[in-house]
Amino acid sequence: KKIALLHGPNLDRLGKREPEIYGRATLADLETALRAEFGTAAELHFFQSNHEGALIDEIARLAEAKFDALVLNAGALTHTSVALRDAVAGSGLKTVEVHISNVYRREEFRHHSYLSGVSVGVVAGLGFEGYHAALRFLLPA
Ligand code: DQA
């Protein structure tokens, strides 16, 4: 299976950015851990951008390239972007929304997601374990 993991704004600074919320591990650490667990079961493709349009272009590309699923942490665009939601909806990709932090115990503006309504499931607050859970769900043994 071909599975893409997409990260949105500021997630390139994982490990440095608000470590009390997001932890000290980096996006590269996440990629290493996920490749170690799932690298033989799936073809994993990682992409991060701070730009909404670049994420939308990438989702369209994944759809054309016949990817099987998408694990999406869109960062703050989760709470703002109808365009990203439309990209996911139009892609036909089976999508799992992931948040490292528990967005429901944080500010009110993080409680609404434009992406949940076009995702098969949502994981929030489990740290990096949320990505492992998402991939286990998408790649049943
Ligand atoms: C986040 C939660 C968002 O509210 C925030 O804007 C992020 C990260 C998370 O993984 O917990 O950038 O998606």
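Remember, predicted model here, so these are calculated numbers, not experimental data.

Enquirer: Would you explain the nonpolar core in this entry?
Expert: For soluble globular proteins, the rule of thumb is that nonpolar side chains tend to be buried together. Residues Ile3, Leu5, Leu34, Leu44, Val71, Tyr131 and Leu135 are the most contacted members of the largest nonpolar core, which totals 24 residues. Of all the elements in the fold, those that place two or more residues in this core are strand 1 (2-7), helix 2 (27-38), strand 2 (43-48), strand 3 (69-73), strand 4 (94-99) and helix 5 (129-138). In contact with tyrosine 131, other than residues within four places in its own chain, are Leu5, His7, Leu30, Leu34, Val71, Asn73, Val98 and Ile100. By size, the runner-up hydrophobic cluster in this structure holds 15 residues, among which are Leu62, Leu84, Ala87 and Leu115.

Enquirer: Help me out: how do you make sense of the environment of alanine 134 in this one?
Expert: Along the chain, alanine 134 falls in helix 5. Under the relative-accessibility criterion, alanine 134 is labelled buried at 1%. A C-alpha to C-alpha distance of 9.4 Å links alanine 134 and threonine 95, two positions 39 residues apart in sequence. Setting aside anything within four residues of it in sequence, one finds alanine 134 in contact with Val71, Val96 and Val98.

Enquirer: Mind showing me how you'd approach the packing of helix 2 against helix 5 here?
Expert: How two helices sit against one another is set out by the angle between their axes and by the gap between those axes. At a closest axis distance of 11 Å, the pairing of helix 2 and helix 5 adopts a crossing angle of 30°. One element, helix 2, and the other, helix 5, form an angle in the roughly parallel class. Seen along the crossing, helix 2 lies across helix 5 with a hand that is right-handed. Across the interface between the two elements, Leu30, Ala33, Leu34, Glu37 and Phe38 from helix 2 touch Tyr131, His132, Leu135 and Arg136 from helix 5. Among the residues forming the contact of helix 2 with helix 5, the class breakdown is six nonpolar, one polar and two charged.

Enquirer: I would appreciate a short explanation of the site of the ligand in the present structure.
Expert: In the vicinity of the ligand, the contacting residues are Arg17, Tyr22, Asn73, Gly75, Ala76, His79, His99, Ile100, Ser101, Val103 and Arg110. Arginine 17 places a polar side-chain atom, nitrogen or oxygen, 3.0 Å from an oxygen atom of the ligand. For the ligand, an oxygen atom lies 2.9 Å from a polar atom in the side chain of arginine 110. In isolation the ligand has 320 Å² of accessible area, and contact with the protein removes 99% of it. Residues belonging to the shell around the ligand are distributed by class as follows: four nonpolar, five polar and two charged.

Enquirer: I'm lost on helix 2 in this one. Help?
Expert: Every α-helix winds through 3.6 residues per turn, so residues three or four apart in the chain are directed the same way. Across its 12 residues, helix 2 extends 16 Å between first and last C-alpha, which sits within 8% of the 16 Å expected from 1.5 Å per residue. What helix 2 keeps buried is the set Leu27, Leu30, Leu34 and Phe38. For helix 2, the arc enclosing every buried residue in end-on projection is 55°, short of the 170-degree limit, so these residues lie on one face. Turned more than 90 degrees away from the buried face of helix 2 sit Thr32 and Ala36, all of them exposed. Close packing links the buried residues of helix 2 with strand 1, strand 2 and helix 5. A distance of 3.3 Å separates the backbone nitrogen of alanine 28 from a side-chain oxygen at the start of helix 2, and that oxygen is part of threonine 26.

Conventions adopted
Residues numbered from 1 in each chain as written. Predicted model: local features only at pLDDT ≥ 70, side-chain atom pairs only at ≥ 80, totals over all residues. Heavy atoms only, no water. Core = buried A, V, L, I, M, F, W, Y, C linked by side-chain atoms within 4.5 Å. Buried < 20%, exposed > 50% of the residue type's maximum accessible area, 1.4 Å probe, protein only. Helix = DSSP H or I, 4+ residues; strand = E, 2+ residues; numbered from the N terminus. Contact = heavy atoms within 4.5 Å. Axes fitted to C-alpha atoms, helices over the stretch in contact; angles between N-to-C directions. Parallel < 35°, antiparallel > 145°, perpendicular 65-115°, else oblique. Left-handed = near helix turned anticlockwise from the far one by under 90°. Nonpolar A, V, L, I, M, F, W, Y, C, P; charged D, E, K, R; others polar. Near = heavy atom within 4 Å. Polar contact = N/O pair within 3.5 Å; in protein donor to acceptor, adjacent residues only side chain to side chain. Areas by Shrake-Rupley, 256 points an atom, 1.4 Å probe, with all protein chains shown as cover. Expected span 1.5 Å × (residues − 1). Arc of directions from axis to C-beta.

Shape descriptors only; they carry no functional weight alone.
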